[in-house]
Amino acid sequence: MSDNELGTYLRTWREAVTPAEAGLPTGPRRRTPGLRRAELATLAGISVEYLTRLEQGRDRNPSAQVLGALADALNLSLADRMLLRRLTKEADGGDPLVCAAAPPLSRGARPTVRAVLERLEPAPALVVNWIGDVLAHTSGYERLVGPIGLLDDEPPNLLRYLFTDARARTAYRDWDRVADDLVARLRHGVPLRDPHLTALADELTVTAGADFADRFADLAMTPRPTGSQHLDHPEAGSLRLLHETLALPDEGQRVFVYLPADDATAAALDRLNGRRPGALRAVGEKG
């Protein structure tokens with residue numbers, strides 16, 4: 001893991017924002033599509049020398065006013081601003097209050113959470129901890145992903161399966177998008193300086209190589225609360241699924257619930273679960 005993640009984050013965003021997006025004229029002779037340091041410094045009202053120190057990691061404790069000005073100049077979303085603040089805390093040695101409040105890595109789901117899963121049957125649903133270990137799941141989820149091998153390991157891990165099991169690339173037509181989202185969740189949804197995150201990231205950097213490492217290094221990627229997946233199931237055929245994510249922050253867990261995106265998928269899931277076609281209704285994608 002980088003020891004200058006704040007600087008990397010600022011540089012990544014500076015290089016991603018075009019002059020037009022920042023309200024600046026676009027000249028004919030630019031070596032980079034993003035903003036120059038001088039341009040971002042001017043927009044944020046700070047010196048080029050200070051921005052250089054921040055990006056190079058020679059200054060790791062910018063004021064809230066400086067962070068706000070940089071976030072405004074880069075037009076960051078609320079989620080990206082929160083991450084910028086979080087990285088600043090990490091660069092300064094971590095926030096003791098946040099670190100102390102972080103729960104231990106969970107290895108099981110509470111009985112009440114398991115009861116919620118039972119109510120969701122036969123919909124595919126699961127509970128994961130912050131490094132992607134599958135802690136509990138519905139029988140509907142087992143019928144969905146068991147045939148593609150996702151539950152073979154003990155404990156099953158979403159990232160380890162996606163990046164190291166060849167069956168994942170066959171099963172997920174949109175493998176790249178699924179990989180982007182899972183790594184973004186791993187990268188930005190964990191407690192500060194978590195040793196379990198470091199261990200898993202080091203493992204996958206070795207076993208999966210650049211496919212994982214490049215995504216993990218991209219601090220600009222942020223997870224989506226909702227999304228879609230296109231799964232080629234060996235028994236049910238082509239499935240288009242939508243998913244919702246529900247956070248359990250006190251446990252450091254998330255619940256994923258999958259729903260059919262079209263009528264054909266709804267009927268296929270009904271058959272997979274041994275139900276009469278028409279029991280499930282398609283939700284449909286928006287946007």
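Report follows, based on the coordinates. (Residues numbered from 1 in each chain as written. Predicted model: local features only at pLDDT ≥ 70, side-chain atom pairs only at ≥ 80, totals over all residues. Heavy atoms only, no water.)

**Some points on the packing of helix α11 (residues 175–188) against helix α13 (residues 210–217)**
Here comes step 1: Contact geometry for α11 and α13: axes closest at 9 Å, N-to-C directions at 50°. Comparing their axes, α13 and α11 come out oblique. For the pair α11 and α13, the sense of crossing is right-handed. Across the interface between the two elements, W175, D176, A179, D180, V183, L186 and R187 from α11 touch D211, F212, R215 and F216 from α13.
Here comes step 2: Within the contact of α11 with α13, the residues separate by chemical class into six nonpolar, no polar and five charged. (Axes fitted to C-alpha atoms, helices over the stretch in contact; angles between N-to-C directions. Helix = DSSP H or I, 4+ residues; strand = E, 2+ residues; numbered from the N terminus. Parallel < 35°, antiparallel > 145°, perpendicular 65-115°, else oblique. Left-handed = near helix turned anticlockwise from the far one by under 90°. Contact = heavy atoms within 4.5 Å. Nonpolar A, V, L, I, M, F, W, Y, C, P; charged D, E, K, R; others polar.)

**Details of the packing of helix α2 (residues 37–44) against helix α3 (residues 48–56)**
Here comes step 1: Where α2 meets α3, the axes come as close as 9 Å, and the angle between the chain directions of the two elements is 110°. Looking at the two axes, α2 sits roughly perpendicular to α3. In the crossing of α2 with α3, the sense of the turn from one axis to the other is right-handed. Residues R37, A38, L40 and A41 of α2 pack against V48, L51, T52, E55 and Q56 of α3.

**Looking at the sheet that holds strand β5 (residues 253–260)**
Strands in a sheet are paired, the pairing made by backbone hydrogen bonds, and the direction either parallel or antiparallel.
Here comes step 1: In spatial order, the strands read β2-β1-β5-β4-β3; together these five strands make up an open sheet with antiparallel pairing. Each having just a single partner strand, β2 (134–137) and β3 (226–233) make up the two edges of the open sheet. Averaged over neighbouring strand pairs, the angle between their axes works out to 30° when direction is ignored.
Here comes step 2: Where strand β1 (residues 125–129) and β5 come together, five bridges link them in antiparallel fashion. Paired with L126 across the strands is F256, a residue of β5.
Here comes step 3: Strands β3, β4 (237–248) and β5 of the sheet are contacted by α11, whose axis makes an angle of about 10° with β4.
Here comes step 4: Against the sheet, helix α14 (residues 263–272) engages β3, β4 and β5, with an angle of about 85° to β4. (Pairing = 2+ DSSP bridges.)

**Describing the pairing of β1**
Here comes step 1: Along β1, five of the five residues are buried, which leaves the element largely enclosed by surrounding structure.
Here comes step 2: Of the two faces of β1, the one holding A125, V127 and N129 and the one holding L126 and V128 are both buried throughout.
Here comes step 3: Inspection of the sheet shows β1 paired to β2 by three bridges, in the antiparallel sense. Counted as the bridge partner of V127 is A136 from β2.
Here comes step 4: If you look at the hairpin formed by β1 and β2, you'll find four residues sitting between the two strands, and G132 has a positive phi there, around 90°. (Buried < 20%, exposed > 50% of the residue type's maximum accessible area, 1.4 Å probe, protein only.)

**Let's talk about the pattern of salt bridges**
Two side chains of opposite charge can pair, provided their charged atoms sit close to one another.
Here comes step 1: Under the counting rule described, the total for this entry stands at 16 salt bridges.
Here comes step 2: For the salt bridge of D72 with R81, the shortest nitrogen-to-oxygen distance reads 2.8 Å.
Here comes step 3: By relative accessible area, which is 29% here, R81 ends up partly exposed.
Here comes step 4: One network of salt bridges, in which partners are shared, links R14, R37 and E55. (Salt bridge = Lys/Arg side-chain N within 4 Å of Asp/Glu carboxyl O.)

**Thoughts on the packing of aromatic side chains**
Here comes step 1: Per the stated rule, a full pass over the model turns up four aromatic pairs.
Here comes step 2: Aromatic pair F163 and W175: ring centres 5.4 Å apart, planes at 75°, arrangement edge-to-face. Taken together, the positions of F163 in helix α9 (residues 158–164) and W175 in helix α11 put the pair 12 residues apart, joining distant regions of the chain. Grouping residues by exposure puts F163 and W175 together as buried.
Here comes step 3: Here F212 and F216 contribute two aromatic rings whose centre-to-centre distance is 5.4 Å and whose plane-to-plane angle is 20°, an arrangement assigned as stacked. Taken together, the residues F212 and F216, both in helix α13 and four residues apart, mark about one turn of the helix.
Here comes step 4: When its relative accessible area of 0% is taken as the criterion, F212 is described as buried.
Here comes step 5: Judged by its relative accessible area of 9%, F216 falls in the buried class. (Phe/Tyr/Trp six-rings, centres within 6.5 Å; stacked < 30°, edge-to-face > 60°.)

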